[in-house]
Amino acid sequence: MELTREQQDILSGSKGETLAKVMKTLVMYGDVFGAERMVPVTGAMGHLVTSFGLSVMKPVQKLMQELIDAGAVSSQPFTVDPRPMDKNVPANLIQNLIFKVMYSKQAEYEKQLAELGLLAGDAFTCTCYMDEIGNIPAKGDVLSWAESSAVVYANSVLGARSNRNSGIIELFGSIIGEVPYFGLLTDEGRRASWIVELKTSKLPPAQLLGSAIGLKVMEDVPYIRGLDSLLGNELNGTAKDYLKDMGAATASNGAVGLFHVAGLTPEAVESGETLIRPDAKVYVIDDAELARVKKSYPLIWPDPDARPKLCFIGCPHLSGNQLHDWTAKLSDALAASGRKTVAVPTVFTAAPAVKDAFEKTEDYNKLTAMKVILSDICPLMYMNNPKCRMMPVITNSNKLRTYTSSRYYDDEEILRYLSEGGI
Amino acid sequence: MRTFHGRPVVPGSAKAEALVSHAGFNTLASFQKSLMSGDKKATCSDQNNADLYGKPMFGKALCMPQTIGSTTGGMVMYCASQLGQQAACLLFSGPIDSLAAAGAILSDVWTDVHMPTVDNLGPGFLDFVKTGMTVTVEEDGTVMVDDGK
């Protein structure tokens, strides 16, 4: 990689050994991918994936302290993934005890995040791009982000440019204020090497469709045809929420960092099928293919017939619209089955600021009357607790299913579970 | 014995038993349980990876097409290295992905662990290498797989 004089000086140690190691890491990272230069991070804020002060993650804390001690902090404010704990989410005595031990470094770690450049005390969410939080990059902005669901959203729905950076690497880019220019930052890297032909009879569950795409294309860029006819051609709140959930599944079940939806996402609207590489492969998704994918998910509950003890909705975090929508759907489903409260303890998760706004609405009272808990926790971090992992947990999140023992159901099935106690 | 030539992402030499994943290696899902429990054998906890689930990863020559999943991937690999749960080497049939590259580089620059990493070994590599075979990695990216014949 060709470095400027200033970059070379940092690498040589002009600003200390720690910053030299940060630069060395970024240069090696860029060299692997054939980057010829570094480019400035132009987005106003960063986003970090590591939000949890796990006691076994001492290496990360040690590294962060080295950065802080050396004054190598972020040159821009950043948001970060959700907190791992919330006392409002159901947990028994033993589970709570384990949480305290597991995340014993949380307060210490949050102090480090604040020293490194955390935007605010409530900037903990995987959906930092919601209006209520305000970390919304503009089209074309170069970012140094991590969190697979946020990266794929920023690239695909907002048209910003970020590679799928790993935790720590994303912070290094924000510290230096520059990132190696390769992959999804380049026009060529944003062209599609897969065409996904959607031929389903109706709009599929977002996280099932995303799972099928991710499992097939892995880290490649897909160009999706046929979704706009089911979802519409306007990038409104409903479409954004759908693409948020679909993208999270493409990124966790595979490694997708960018997708284009014909007639809907910004670059597909702007450039159309010129985004497709001539040698692109084709993946046809119909009802049978989605059924096959869903059937392939392993179930690792000790007792496959166990009655669910908890349900998580909101991985990634729900938007305000989704909170209202779920409240209405659940209310109708309970009324139809003659119940007043959910049949399975249920947690809806959303960003702190989204949650705060929702709590001021009438629907919040409706939701709590149905005994649904509203939290800003990270469900994945909750499920990391070995005693929670043993529990039969259901979810509509294919991301949560991928990383934990939770069982995936689509929204309709979840509604039946919550209103009727089974499907 | 068959020899493959790849690109040394983190050059180095190693000799270890192969552990082969034909599907994308989900770093977080694979290491999550062992990091949490302090399992020094680093037993793979990815329920979606039939090739690796339940098998120890520590000290193995981890052979895969690429890594997938959460962007904590590189950081998880760095933690595994710092906590003594790392693979002996990482071997990729195709081009390395950004998360695996981050993990290999962070381990190289910020830890004392040396985990040679080679990519672009070709699709034939994963067709040939089987879990349990002995793999030898050389500085220049040469990988020799001993199938006992």
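Remember, predicted model here, so these are calculated numbers, not experimental data.

Tallying the contact residues gives 35 residues for chain B and 36 residues for chain A. For the side of chain B that touches chain A, the secondary-structure elements that each account for two or more residues are helix 1 (27-37), helix 2 (73-82) and helix 3 (98-110) of chain B. It is helix 3 of chain B that provides the largest number of residues to the side of chain B that touches chain A, a total of 9 residues. Residues belonging to the side of chain B that touches chain A are distributed by class as follows: 18 nonpolar, 16 polar and 1 charged.

Residue and element names in this part refer to chain A. The domain boundaries assigned to chain A delineate domain 1 (5-185), domain 2 (190-295) and domain 3 (310-420). Taking the mean C-alpha position of each, domain 1 and domain 3 sit 28 Å from one another. In this assembly, 25 residues from domain 1 lie in contact with 24 residues from domain 3. The element that contributes the greatest number of residues to the side of domain 1 that touches domain 3 is helix 4 (residues 93-102), accounting for 5 residues. Looking at the side of domain 1 that touches domain 3 residue by residue, the classes come out as 14 nonpolar, 6 polar and 5 charged.

This brings us to helix 2 (residues 17-32) of chain A. An ideal rise of 1.5 Å per residue puts 22 Å on 16 residues; helix 2 of chain A measures up with 22 Å between its terminal C-alpha atoms. Those residues of helix 2 of chain A not exposed but buried are L19, K21, V22, M23, T25, L26, V27, M28, Y29, G30 and V32 of chain A. If you follow the buried residues of helix 2 of chain A, they end up packed against helix 1 (5-12), strand 1 (38-40), helix 7 (169-176) and strand 4 (178-180) of chain A together with strand 2 (7-10) and helix 3 of chain B. G34 of chain A occupies a position one or two residues after helix 2 of chain A and carries a positive phi of about 75°.

Adjacent strands of a sheet form backbone hydrogen bonds with each other and so pair up, either parallel or antiparallel. Residues and elements named next belong to chain A. Strands sit in the order 7-6-5-8 across an open sheet of 4 strands; the sheet is parallel. One side of each edge strand has no neighbouring strand; the edge strands of this open sheet are strand 7 (260-261) and strand 8 (276-285). Pairing geometry for strand 5 (residues 192-198) and strand 6 (residues 222-225), over 4 bridges, is parallel. The partner of V196 across the bridge, within strand 6, is I224. The sheet contacts of helix 8 (residues 206-217) involve strand 5, strand 6 and strand 8, and relative to strand 8 the element is tilted by about 130°.

Residue and element names in this part refer to chain A. Two numbers describe how helix 2 lies on helix 7: the axes approach to 10 Å, and their chain directions differ by 115°. The orientation of helix 2 relative to helix 7 falls into the category roughly perpendicular. Here helix 2 runs over helix 7; the crossing is left-handed. Contacts between helix 2 and helix 7 involve V22, M23, T25, L26 and Y29 from the former and I169, F172, G173, I175 and I176 from the latter. Tallied by class, the residues present in the contact of helix 2 with helix 7 amount to 8 nonpolar, 2 polar and no charged.

Moving on: the sheet that holds strand 3 (residues 14-20) of chain B. All names here are of chain B. With respect to topology, 8 strands assemble into an open sheet ordered 1-10-9-3-5-7-8-2, the strand pairing being mixed. On the outer flanks of this sheet lie strand 1 (2-5) and strand 2, each paired with one strand and no other. Adjacent strand axes in the sheet meet at a mean angle of 30°, parallel and antiparallel pairs treated alike. Across 4 bridges, the pairing between strand 1 and strand 10 (residues 142-146) is antiparallel. Within strand 10, the residue paired with R2 across the bridge is V145. Strand contacts of helix 3: strand 2, strand 7 (89-92) and strand 8 (117-119), with the helix running at about 60° to strand 2, the strand carrying the most contacts.

Rules used in this analysis
- Residues numbered from 1 in each chain as written.
- Chains lettered and ligands numbered in written order.
- Predicted model: local features only at pLDDT ≥ 70, side-chain atom pairs only at ≥ 80, totals over all residues.
- Contact = placed C-beta atoms within 7 Å.
- Helix = DSSP H or I, 4+ residues; strand = E, 2+ residues; numbered from the N terminus.
- Nonpolar A, V, L, I, M, F, W, Y, C, P; charged D, E, K, R; others polar.
- Domains from an automatic or database assignment.
- Expected span 1.5 Å × (residues − 1).
- Buried ≥ 20, exposed ≤ 12 C-beta atoms within 10 Å, placed from the backbone.
- Pairing = 2+ DSSP bridges.
- Axes fitted to C-alpha atoms, helices over the stretch in contact; angles between N-to-C directions.
- Parallel < 35°, antiparallel > 145°, perpendicular 65-115°, else oblique.
- Left-handed = near helix turned anticlockwise from the far one by under 90°.

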